[in-house]
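What the coordinates show
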Amino acid sequence: MIFNIFKKELIDTLRDKRTLMAMVIIPLLVFPLIMTVFTSISKSYTKDLAEKTLKVGVIEGVENNELLMFMDTLQMSGKVELFYYADTNELKTQIKEDKLHFGMYFPADFNSKLKGNSTGEVKIFHNSTKLGYKEQLKLILELKTKSIEENRLAALKVTPENIEPIKLDFQDVASDKEKIGKIAGGILPYFFIIFCFIGCMYPSIDLFTGEKERGTIETILTVPVTRVQLLIGKMGVVVCSGLLAATLSLLGLFITLQFGTVIEDPKLMEVITGILSAKFILTLYLLLIPLTIFFAGIMIPIAVYAKSFKEAQSIITPLNMIVILPAMVGFFPGIELNLTTSFIPVVNIVLSTKEIIAGTTNYGYLGIVFISSVLLAAIAIFISHKQYSKETNVVI
Amino acid sequence: MIEVKNVSKTFKLNKKQKKELDTTEDFSHAVKDVSFTCQPGRVFSLLGPNGAGKTTTLRMISTIFKPTQGSISVCGLDTVKEELEIRKKIGFLTGSTGLYQRLTANEILNYFGKLYKLSDSEIESRKKELYALLDMDSFQNKRIGKLSTGMKQKVSIARTMIHDPEVVIFDEPTSGLDVITSENIIKLIKSCKEQGKTVIFSSHIMSEVDLLCDDMAIIDQGEILFSGSMDQFRSEMKESTLTGEFIRIVNEKRAS
């Protein structure tokens, strides 16, 4: 009987455009869209910057300046274009107005200090909100400073080794998998959990509040099935929708990685494919199923209580924030799965997934996470049942 | 057969409901000490103004609500102790068709047939019978959302009758329907009576009651003001019209 209810509710849900959008289309497209847009923008930005001519303003009257002469030669290659100004105020205005990228001011003793084996100081005006330009200029000027440095060392008959008494050679023992797990591991469960939640949201409102709004509740309550059977059948669809949304987001991610040009490094790709193993996916679902039941169990009592779709939505939507915040814990370094965090719902799933991705799983904690999630899910089912059995809540 | 014995129903009001009803009382007494009997092969009407307690009474008979006091038996079964058994024997129809918009007529009837634990062949033969009776063949595979009100009403009737119930409960079945569509319901009620089923329906329209029912109870503010046969009502009436008499009875009680 529960299967019949489940089947009917599933068909009903899959024919609802609003649910379908939140459950299938958005999760499936979110990763490909975000990643493609993000990488193509960042790639084109870096490319643009490398090809861009840096417009540098210089105060007039600086002669025999080695650094300036070097930059002058670079004008030929199109990397730099020099403009001459009489005072710094004008220089600053031009930078502010975006007509120049940099302004260079050489103090009067610059040349003498440079020639006298001392440090020649140069003031560089720039706009820090224009990202990337500073690094680009540094890169160019470093060519010259390095060569002056080498010349000075050679004149003193000093080798680079002479001035570097100790070389610190750090050897990383963490595998690539671990590194990715700790850095990016927070993102995957975050999206997974958010989609689980969103996937549950519309079906729970549609299947519970919707019955009231459309006036079908009375007829369904006069058929010879118990409310527990109805609840479980409907809850099954809500949980499946949440899991489907999460699965499709994973599928979207997989497709983007496999067929997109997001990751060009084959070694990194290999590591990522290694992470998305059958064992990882199975463990992830083992943790996600009770969490999704818990989500459904939070939403259903609200959906049962609400009189209209709008009312239900206005209560459940803010709940989204309560889930998003703990789901973000994976982004912060230093928060690890331990005896305390393994009891905190949502947080424990995020941290466990992070550990699983990094391959540093502590099975004891994982057990606690699973058992506490199952317990929470059971409590949520119990509360849903209580609420669904209340006469005043079921019928308007 | 439906026997309602000294039934009362009170609802505990929460803060929101108290505000909505503009009351400081903790409980709302929807039905107070109501008793009546509906016989098989006869049509019983529960007549009363809006908010009289008609729907609450019908919901108690159809096991959606449990009575706070008293007892109700349907076909000899107790609505509290044997609710699932009773549900197999009743068909419940309201003015709002109560259909799933995204399913087709066929899917709805299959679903309800299964909920009533009918076998596939039973469902098929019942569907065939009902489609012919209600002239539904042309739209059985269309989604409910795309049907006209009249068509929806027919699907709703077929859904109510899919398991051939012994007792049929109608809660203001014609409210919001035009005369042509209401005719489907009136025909259904008459045919249920001919088949010897127990029929109870609620209404606030005297003319509809006069047209269909054999027995009647007038209910207002949760209390029964009259209970008896339609003939008895006619013989005892002090006003010239049935509607006039209904209004007189309600007003007289309210004044006292």
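Just so it is clear, the model here is predicted, and its values are computed rather than measured.

1. Comments concerning the interface of chain A and chain B
- Each side of the interface is counted separately: chain A has 32 residues, and chain B has 34 residues.
- The interface formed by chain A and chain B contains five salt bridges.
- For A:Asp12, the salt bridge is made with B:Arg102, and the minimal N-O distance between the two is 3.0 Å.
- Seen at the junction of chain A and chain B, the total is 11 residue pairs in polar contact (both at pLDDT 80 or more).
- Of all the elements in the fold, those that place two or more residues in the side of chain A that touches chain B are helix H1 (2-14), helix H8 (187-213), helix H9 (217-221) and helix H16 (391-394) of chain A.

2. Considerations on the packing of helix H12 (residues 278-305) of chain A against helix H15 (residues 363-389) of chain A
Residues and elements named next belong to chain A.
- Contact geometry of H12 with H15 gives a least axis separation of 8 Å together with a crossing angle of 25°. Compared by their axis directions, H12 and H15 come out roughly parallel. Between H12 and H15 lies a crossing whose hand is left-handed.
- Tallied by class, residues from the contact of H12 with H15 come to 21 nonpolar, five polar and one charged.

3. Details of the pairing of strand S8 (residues 198-203) of chain B
Residue and element names in this part refer to chain B.
- Summarising burial for S8: six of the six residues are buried, a large majority.
- Across the two faces of S8 the burial is the same, with Thr198, Ile200 and Ser202 and Val199, Phe201 and Ser203 all buried.
- Taken together, the five bridges between strand S3 (residues 43-47) and S8 define a ladder with parallel strand orientation. Looking at S8, one finds that Val43 is bridged to Val199.
- Sheet topology note: the strand S7 (residues 167-171)/S8 ladder contains five bridges and is parallel.

4. Re the side chain of A:Thr353
Residues and elements named next belong to chain A.
- In this fold, Thr353 is placed in helix H14 (residues 347-358).
- A distance of 2.5 Å separates the side chain of Thr353 from the backbone oxygen of Ile349, its partner in a polar contact.
- In contact with Thr353, not counting residues within four places along its chain, are Pro189, Phe280 and Leu284.

5. Observations regarding helix H7 (residues 179-194) of chain B
Residues and elements named next belong to chain B.
- Taking 1.5 Å of rise per residue, the 16 residues of H7 would be expected to cover 22 Å, and the 22 Å separating its terminal C-alpha atoms lies within 8% of that figure.
- Of all the residues in H7, the buried ones are Thr181, Ser182, Asn184, Ile185, Ile186, Leu188, Ile189 and Cys192.
- Phi turns positive one or two residues past the end of H7, at Gly196, with a value near 80°.

6. A word on the sheet that holds strand S2 (residues 80-85) of chain A
Residues and elements named next belong to chain A.
- Pairing within the open sheet is mixed, and its four strands lie in the order S2-S1-S3-S4. Each of the sheet's edge strands pairs with one partner strand only, and the pair in question is S2 and strand S4 (123-126). Strand after strand, the sheet turns through a mean of 25° between neighbouring axes, direction not considered.
- As paired strands, strand S3 (residues 102-105) and S4 are joined by four bridges and run antiparallel to one another. What sits directly across from Gly103, in S4, is Phe125.
- Here helix H3 (residues 66-74) sits on the sheet in contact with strand S1 (54-59), S2 and S3, set at roughly 125° to S2.

7. Notes on the state of the cysteines
- Across all of its chains, the model carries zero disulfides over all chains by this definition.
- The thiol sulfur of A:Cys240 is not disulfide-bonded, and the nearest other cysteine sulfur, from A:Cys200, lies at 9.6 Å.
- Looking at B:Cys192, it has no disulfide partner, and the nearest cysteine sulfur is the one in B:Cys75, 13 Å off.
- The exposure class of B:Cys192 is buried, given its relative accessible area of 0%.

8. Some thoughts on the environment of A:Leu114
Residue and element names in this part refer to chain A.
- Within the secondary structure layout, Leu114 lies in helix H5 (residues 110-115).
- Along the chain, Leu114 and Ile193 lie 79 residues apart, while their C-alpha atoms are 59 Å from each other.
- Setting aside its immediate chain neighbours within four residues, Leu114 contacts Glu66, Gly120, Ile148 and Arg152.

9. Some words on the packing of H14(A) against H15(A)
Residues and elements named next belong to chain A.
- Remark: H14 packs on H15, axes separated minimally by 10 Å, with the N-to-C direction vectors making an angle of 145°. Considering only the axes of H14 and H15, their crossing is left-handed. Along its contact with H14, which presents Asn348, Ile349, Ser352 and Ile356, the element H15 presents Leu366, Val369, Ser372 and Ser373.
- Grouping the amino acids of the contact of H14 with H15 by side-chain chemistry returns four nonpolar, four polar and no charged.

10. Remarks on the sheet that holds strand S5 (residues 77-78) of chain B
Residue and element names in this part refer to chain B.
- Spatial ordering of the open sheet is given by S2-S1-S4-S5, a layout of four strands whose pairing is antiparallel. Each having just a single partner strand, strand S2 (27-38) and S5 make up the two edges of the open sheet.
- Relative to strand S4 (residues 69-74), strand S1 (residues 2-12) runs antiparallel, the two sharing five bridges. Bridge pairing in S4 places Glu3 opposite Ser73.
- This element, helix H2 (residues 54-61), spans S1, S2 and S4 of the sheet and lies at about 115° to S1.

11. Things to note about the domain arrangement of chain A
- What the domain assignment lists for chain A is domain 1 (2-37 + 181-394) and domain 2 (49-163).
- Summarising the inter-unit geometry, the C-alpha centres of domain 1 of chain A and domain 2 of chain A are found 55 Å apart.

Conventions used here
- Counting restarts for each chain, with residues numbered from 1 along the sequence as it is written.
- Naming scheme: in the order in which they are written, chains are lettered from A and ligands are numbered from 1.
- The predicted nature of this model means local features are confined to residues of pLDDT at least 70 and side-chain atom pairs, given and counted, to a pLDDT of 80 or more, with totals for whole chains, interfaces and linings taken over all residues.
- Values reported for side chains reflect all heavy atoms of the structure, with hydrogen atoms and water molecules removed beforehand.
- In this description, contact between two residues means that some pair of their heavy atoms is separated by no more than 4.5 Å.
- Salt bridge criterion: a side-chain nitrogen from Lys or Arg within 4 Å of a carboxyl oxygen from Asp or Glu.
- For this analysis, a polar contact is any N or O atom pair within 3.5 Å, provided that within protein one partner can donate a hydrogen and the other can accept it, and provided that sequence-adjacent residues contribute only side-chain to side-chain pairs.
- Numbering of helices and strands starts at the N terminus; helices are DSSP runs of H or I of at least 4 residues and strands are runs of E of at least 2.
- For every element, the axis is a line fit to its C-alpha atoms; helices are fit only across the contacting stretch, and the angle between N-to-C directions ranges from 0 to 180 degrees.
- Angle categories are assigned with fixed cut-offs, so that under 35 degrees is roughly parallel, over 145 is roughly antiparallel, 65 to 115 is roughly perpendicular, and the rest are oblique.
- Rotating anticlockwise by less than a right angle from the far helix to the near helix defines a left-handed crossing, while the corresponding clockwise rotation defines a right-handed one.
- Any residue outside Ala, Val, Leu, Ile, Met, Phe, Trp, Tyr, Cys, Pro, Asp, Glu, Lys and Arg is labelled polar, Gly included; the first ten of those are nonpolar and the last four are charged.
- Exposure classes here rest on a 1.4 Å probe applied to the protein chains alone. A residue is buried below 20% of its type maximum, exposed above 50%, and partly exposed in between.
- When DSSP locates at least two bridges between a pair of strands, those strands are taken to pair.
- Any helix carries an expected span of 1.5 Å times its number of residues minus one.
- Note on disulfides: each one is a pair of cysteine sulfur atoms within 2.5 Å.
- Where each domain begins and ends is defined by an automated method or by a domain database.

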